[in-house]
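Summary of structural features
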Amino acid sequence: MTSAEPQPDGPLSPVSASASRSASAQSSGASPRPSTIQDVAREAGVSRAAVSKVIRNAYGVSDKMRAQVEEAIERLGYRPRVAARAMRGASFTLGFEIPQVGNDFLTMIVDGATEALAETPYQMIIAPLGRDQKSDVAINSLADRQVDGIVAISPRVDPAWLERIAERTPVVMIGRHDRSDRYDTITGDDRSGAEQVMSHLVEQGHRRITHLTIHPSRPEPPWAGQAGDEPHVVRTAVYRDRMQALGLEPSVIHTLFDGSEAHATTRKLLDSPEPPTAIFAGNDTLAIGVLSAIAEAGLDERDVSVVGYDDIPIARHPLVSLTSVDQSGVLMGREAARLLLERLEGRTEAVQLQIAATLRERRSSAPPRC
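About the criteria used
- Residues numbered from 1 in each chain as written.
- Predicted model: local features only at pLDDT ≥ 70, side-chain atom pairs only at ≥ 80, totals over all residues.
- Heavy atoms only, no water.
- Phe/Tyr/Trp six-rings, centres within 6.5 Å; stacked < 30°, edge-to-face > 60°.
- Helix = DSSP H or I, 4+ residues; strand = E, 2+ residues; numbered from the N terminus.
- Buried < 20%, exposed > 50% of the residue type's maximum accessible area, 1.4 Å probe, protein only.
- Lys NZ or Arg CZ within 6 Å of the ring centre and 35° of its normal.
- Pairing = 2+ DSSP bridges.
- Axes fitted to C-alpha atoms, helices over the stretch in contact; angles between N-to-C directions.
- Contact = heavy atoms within 4.5 Å.
- Right-handed = clockwise from strand over helix to strand, strands pointing away.
- Expected span 1.5 Å × (residues − 1).
- Polar contact = N/O pair within 3.5 Å; in protein donor to acceptor, adjacent residues only side chain to side chain.
- Salt bridge = Lys/Arg side-chain N within 4 Å of Asp/Glu carboxyl O.
- Parallel < 35°, antiparallel > 145°, perpendicular 65-115°, else oblique.
- Left-handed = near helix turned anticlockwise from the far one by under 90°.
- Nonpolar A, V, L, I, M, F, W, Y, C, P; charged D, E, K, R; others polar.

1. Observations regarding the packing of aromatic side chains
Describing an aromatic ring pair means giving the distance of the ring centres and the angle of the ring planes. On inspection of all chains with the given rule, the structure shows one aromatic pair. With a centroid separation of 5.2 Å and an interplanar angle of 70°, the aromatic rings of Phe-92 and Tyr-122 are classed as edge-to-face. Here Phe-92, found in the loop between α5 (82-87) and β1 (93-98), pairs with Tyr-122, found in the loop between α6 (104-117) and β2 (123-128); they are 30 residues apart in sequence, far enough to count as distant. In this structure Phe-92 comes out as partly exposed when scored by relative accessible area, which is 33%. The ring of Tyr-309 has Arg-235 sitting right over it, with the charged end atom 3.7 Å from the ring centre.

As structure tokens, this is what we get:
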């Protein structure tokens, strides 16, 4: 919160301070200067960030605060200057919202974007989420810093809200299968990737196949059916369909993002009366945790095959040799940066890109022993 400026005769209230400046300008014959966002904040008795959120129709604004700010805007005749958006280009910053740190696939995306921006004047600001933090918090934070463009990686936010952000700041969304006229999207072909995994395992003779995927971050929002599905939702749906088509009972287990819980969950699965002969992991980070648990139990790929998703660098290491779906993370990052630069150069029509998914077969998957 900003404090009121000290005055010779003592502090004035926000309203009287504004009135005093206006009266002073009129008495001197000078034209009153245009109101600024700081004037609105002072008039409403809130912070500049709060005014910015009201103007952008951001999350986390109470009805009372919105009313205060809108009334102050009306009283002062405040209008955001059209030139202000153009002036932001001088900052030459692009914001990247990522769901978590420590995920090598997200690192591949950032690396690709870094490559694409290497010969440009633009720098990146990374905004990772905390475990219990909502995606809109990170996106709002980037917008408040007036970045020139935003890449949001599979955020769980209302697409209508995201479109309002995109009206003011170019947005590229990676991972969620949305279609929008205002922001660009890049996705992997999640349906094809999951189909390839299931075909591979079924053709090897597996029938007890478990799908280990990330736990939903929160209950399904009311707009979920209006937006394109998230990658893990698509992959899980394909897994269920293929299992049911074979007359088999699907086994979907949710876990956290990191591999430690995947490891613990796999140990429990191995101790069950009928352990799976194959585990389809929702990403390679989970798959590494699964492989660790299998090795600790003295088992190998003939006992439990493992297939991951993303084809991160460690998957290709000879000592790991993880079968995984390659969806070209570095290419995704390069394309995201390219699309933002195109927007900044004046493109207005939306672009939807889909990156091919290719199964890379390695040693971690094999026909079952029995």
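Right, picking up where we left off after that structure.
2. Observations regarding the sheet that holds strand β3 (residues 149-153)
Taken together, six strands build an open sheet; the order of strands is β2-β1-β3-β4-β5-β11 and the sheet is parallel. Edge strands, defined here as strands with exactly one partner in the open sheet, are β2 and β11 (352-355). Put simply, the sheet's adjacent strands are angled 15° from each other on average, direction ignored. The pairing of strand β5 (residues 184-188) with β11 spans four bridges and is parallel. The residue bridging Gly-188 from the neighbouring strand is Ile-355, located in β11.

3. A closer look at the sheet that holds strand β7 (residues 252-255)
Strand order in the open sheet formed by six strands is β7-β6-β8-β9-β10-β12, with mixed pairing between adjacent strands. What marks the edges here is a single partner per strand, and that holds for β7 and β12 (358-360). Taken pair by pair, the neighbouring strands of this sheet meet at an average axis angle of 20°, ignoring direction. Judged from the three bridges that link them, strand β10 (residues 323-326) and β12 form a sheet pairing that is antiparallel. When the bridges of β12 are listed, Ser-324 appears paired with Arg-360. Docked against the sheet, helix α11 (residues 259-270) engages β6 (209-214), β7 and β8 (278-281), running at close to 145° with respect to β7. Its contacts with the sheet put helix α12 (residues 284-296) on β6, β7, β8, β9 (305-310) and β10, and the angle it makes with β9 is roughly 160°.

4. Some remarks on the pairing of β9
Of all six residues making up β9, six are buried, and the element is well covered by its neighbours. At this point the chain moves from β8, through α12, to the parallel β9, and the crossover so formed is right-handed. Of the pairings in the sheet, the one linking β9 to β10 comprises four bridges and is parallel in character. Following the sheet pairing, Val-307 is matched in β10 by Thr-323.

5. Structural notes on the pairing of strand β4 (residues 171-174)
Burial along β4 is two-sided: Val-171 and Met-173 facing one way and Val-172 and Ile-174 facing the other are all buried. In this structure, β3 lies alongside β4, joined through four bridges in parallel fashion. Within β4, the position partnered with Ala-152 by the bridge is Met-173.

6. Some details on α6
With 14 residues, α6 ought to run about 20 Å at 1.5 Å a step, and its terminal C-alpha atoms sit 20 Å apart, in line with that. All buried positions along α6 are accounted for by Phe-105, Leu-106, Met-108, Ile-109, Val-110, Gly-112, Ala-113 and Leu-117. Here the buried face of α6 lies against β1, β2, β3, β4, β9 and α13 (329-344). One side-chain oxygen at the N-terminal end of α6 lies 2.9 Å from the backbone nitrogen of Phe-105; it belongs to Asn-103.

7. Points about the pattern of salt bridges
Inspection of the entire model under this criterion finds 18 salt bridges. Residue Glu-43 pairs with Arg-75 through a salt bridge whose shortest N-O separation is 3.0 Å. Placement of the pair is Glu-43 in helix α2 (residues 37-44) and Arg-75 in helix α4 (residues 63-76), with a sequence separation of 32 residues. Residues Asp-311 and Arg-316 are paired through a salt bridge, measuring 3.5 Å at the closest nitrogen-oxygen approach. For Asp-311, a relative accessible area of 3% puts it in the buried group. When salt bridges that share partners are traced, they join Asp-184, Glu-335, Arg-338, Glu-342, Arg-343 and Arg-347 into one network.

8. Considering unusual backbone geometry
Positive phi, close to 55°, is recorded for Asp-311, a residue that is not glycine. Tracing the sequence through the fold places Asp-311 in the loop between β9 and β10. Although it is not a glycine, Ser-321 adopts a positive phi angle of roughly 45°. With respect to the helices, strands and loops of the structure, Ser-321 is situated in the loop between β9 and β10.

9. Remarks on the packing of α6 against α13
Between α6 and α13, the shortest axis-to-axis distance is 6 Å and the interhelical angle comes to 45°. Taken together, the axis directions place α6 and α13 in an arrangement best described as oblique. Relative to α13, α6 is oriented so that their crossing is right-handed. For the pair formed by α6 and α13, the contact residues are Phe-105, Met-108, Ile-109, Gly-112, Ala-113, Glu-115, Ala-116 and Leu-117 on the first element and Gly-329, Val-330, Met-332, Gly-333, Arg-334, Ala-337 and Leu-341 on the second. Tallied by class, the residues present in the contact of α6 with α13 amount to ten nonpolar, three polar and two charged.

10. Regarding helix α10 (residues 231-245)
Under the 1.5 Å per step criterion, the end-to-end length of α10 is 21 Å for 15 residues, consistent within 8% with the ideal 21 Å. Turning to α10, its buried residues are Pro-231, His-232, Val-234, Arg-235, Thr-236, Val-238, Tyr-239 and Met-243. For α10, the secondary structure elements touched by its buried residues are α9 (190-203), β6, β7, β8 and β9. Directly after α10, the chain includes Gly-247, whose backbone phi takes a positive value near 75°.

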